[in-house]
Amino acid sequence: MTSLATLLPQVLPGAIGWAQEQELKALATGAALTPQGIADARALGVLAPEKIRVVIAPALPLPDDAWLRSVALGTGLLGPGFTGLTLGYAIFIVHGHLTRRLLTHECRHVHQYEIAGSIAAFLPAYLGQIATVGYDAAPFEVDARQHEIL
Ligand SMILES: [Zn+2]
């Protein structure tokens, strides 16, 4: 597996641009949360849950850029094992995996983006955590798991 820590400085600009594009597309095409979803999101700290859009798709989005895509897959950031992804106010969920637990996990990531202020501010911190301590131990992931509503 390629080391994400080594590649991170080169990856970040492209990753941020890609994430911003994906968010814009999803905000135009995704579905608003249900009233229950909005109540859950508010309960776990989201300031503007009405801005969230959910896209259910056969697979999570992957960068078109071959190099960026190979880094994402090669470092285990994105790939077959993942069923949810949050980019700003956009939540992507793989078809068949929409549960209250996964949705509240992803909504907590929206809260984390809100606290950071933007995708450009959040992603370096988030990917930096994953690069140093790994996905499972990354504090943003631990925090999201602790706020899942079962
Ligand atoms: Zn997560």
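Residues numbered from 1 in each chain as written. Predicted model: local features only at pLDDT ≥ 70, side-chain atom pairs only at ≥ 80, totals over all residues. Heavy atoms only, no water.

- The name recorded for the protein chain in an unreviewed UniProt entry is DUF4157 domain-containing protein, from Paraburkholderia bryophila.

1. Let's talk about the coordination of the zinc ion
No. 1: Every protein donor of the zinc ion is listed here as His 105 (NE2), His 109 (NE2), Glu 141 (OE) and Glu 141 (OE), and their distances to the metal cover 2.0 to 2.5 Å.
No. 2: What the 4 donor atoms of the zinc ion show is an angle range of 55 to 149° at the metal, which sorts the shape as irregular.
No. 3: Spacing between the donor residues of the zinc ion along the chain follows H-x3-H-x31-E. Here His 109 and His 105 lie together in helix α4 (residues 100-116), a separation of 4 residues that amounts to about one turn.
No. 4: Owing to a relative accessible area of 7%, His 105 belongs among the buried residues under this scheme.
No. 5: We classify His 109 as buried; its relative accessible area is 5%. (Donors = N, O, S within 2.8 Å, 3.2 Å for Na, K, Ca; no water. Tetrahedral: all angles 85-135°; square planar, octahedral: opposite > 155°, others 65-115°. Helix = DSSP H or I, 4+ residues; strand = E, 2+ residues; numbered from the N terminus. Buried < 20%, exposed > 50% of the residue type's maximum accessible area, 1.4 Å probe, protein only.)

2. What to know about the layout of surface pockets
No. 1: Reported here for the largest pocket is a volume of approximately 210 Å³.
No. 2: Elements with a minimum of two residues in the lining of the largest pocket: α4 and α6 (139-146).
No. 3: For the lining of the largest pocket, the element with the highest residue contribution is α4, accounting for 4 residues.
No. 4: When the residues that make up the lining of the largest pocket are grouped by side-chain class, the tally is 3 nonpolar, 4 polar and 6 charged. (1 Å grid on protein atoms, 1.4 Å probe; cavity = no way out; pocket = protein on both sides within 12 Å on 5 of 7 lines; lining within 4 Å. Points joined across faces, edges and corners; volume = space filled by probe spheres on them. Nonpolar A, V, L, I, M, F, W, Y, C, P; charged D, E, K, R; others polar.)

3. Observations regarding the nonpolar core
No. 1: Grouped together as the largest cluster of nonpolar side chains are 33 residues, with contacts concentrated most on Trp 18, Leu 85, Leu 87, Phe 92, Leu 123, Tyr 126 and Leu 127.
No. 2: Those elements that place two or more of their residues in this core are α1 (4-29), β2 (53-57), α3 (66-74), β3 (84-87), β4 (90-94) and α5 (119-133).
No. 3: The dominant element in this core, judged by the number of residues it contributes, is α1, at 10 residues.
No. 4: Excluding residues that lie within four positions of it along the chain, Leu 127 makes contacts with Leu 4, Leu 8, Leu 12, Ala 15 and Leu 77.
No. 5: Val 46, Ile 52, Leu 103 and Val 110 belong to the second-largest nonpolar core, a separate cluster that totals 14 residues. (Core = buried A, V, L, I, M, F, W, Y, C linked by side-chain atoms within 4.5 Å. Contact = heavy atoms within 4.5 Å.)

4. Some details on the pattern of salt bridges
No. 1: All told, the structure shown has 3 salt bridges when counted by the stated rule.
No. 2: Linking Asp 40 and Arg 100 is a salt bridge whose minimum nitrogen-to-oxygen distance equals 2.8 Å. Highlighted residues: Asp 40 in helix α2 (residues 35-43) and Arg 100 in helix α4, separated in sequence by 60 residues.
No. 3: The exposure class assigned to Asp 40 is buried, which follows from its relative accessible area of 7%.
No. 4: Ionic pairing is found between Arg 101 and Glu 148, a salt bridge with its closest N-O pair at 2.7 Å. (Salt bridge = Lys/Arg side-chain N within 4 Å of Asp/Glu carboxyl O.)

5. Considering the sheet that holds β4
Either a parallel or an antiparallel arrangement is found when strands of a sheet pair, and the pairing is made through backbone hydrogen bonds.
No. 1: Spatially, 4 strands are ordered β1-β2-β4-β3 in an open sheet, and the strand pairing comes out mixed. Taken across any chain shown, the strands that pair with only one partner, and hence form the sheet edges, are β1 (31-32) and β3.
No. 2: Two elements, β1 and β2, share 2 bridges in a ladder whose sense is antiparallel. Residue pairing in the sheet places Ala 31 in a bridge with Val 54 of β2.
No. 3: Strand contacts of α4: β2, β3 and β4, with the helix running at about 20° to β3, the strand carrying the most contacts. (Pairing = 2+ DSSP bridges. Axes fitted to C-alpha atoms, helices over the stretch in contact; angles between N-to-C directions.)

6. What about α4?
No. 1: Between its first and last C-alpha atoms α4 spans 24 Å; for 17 residues at 1.5 Å apiece the expected length is 24 Å, and the two agree.
No. 2: In terms of burial, α4 is largely enclosed, as 13 of its 17 residues are buried.
No. 3: Of the residues trailing α4, Gly 117 is marked for its positive phi of about 105°. (Expected span 1.5 Å × (residues − 1).)

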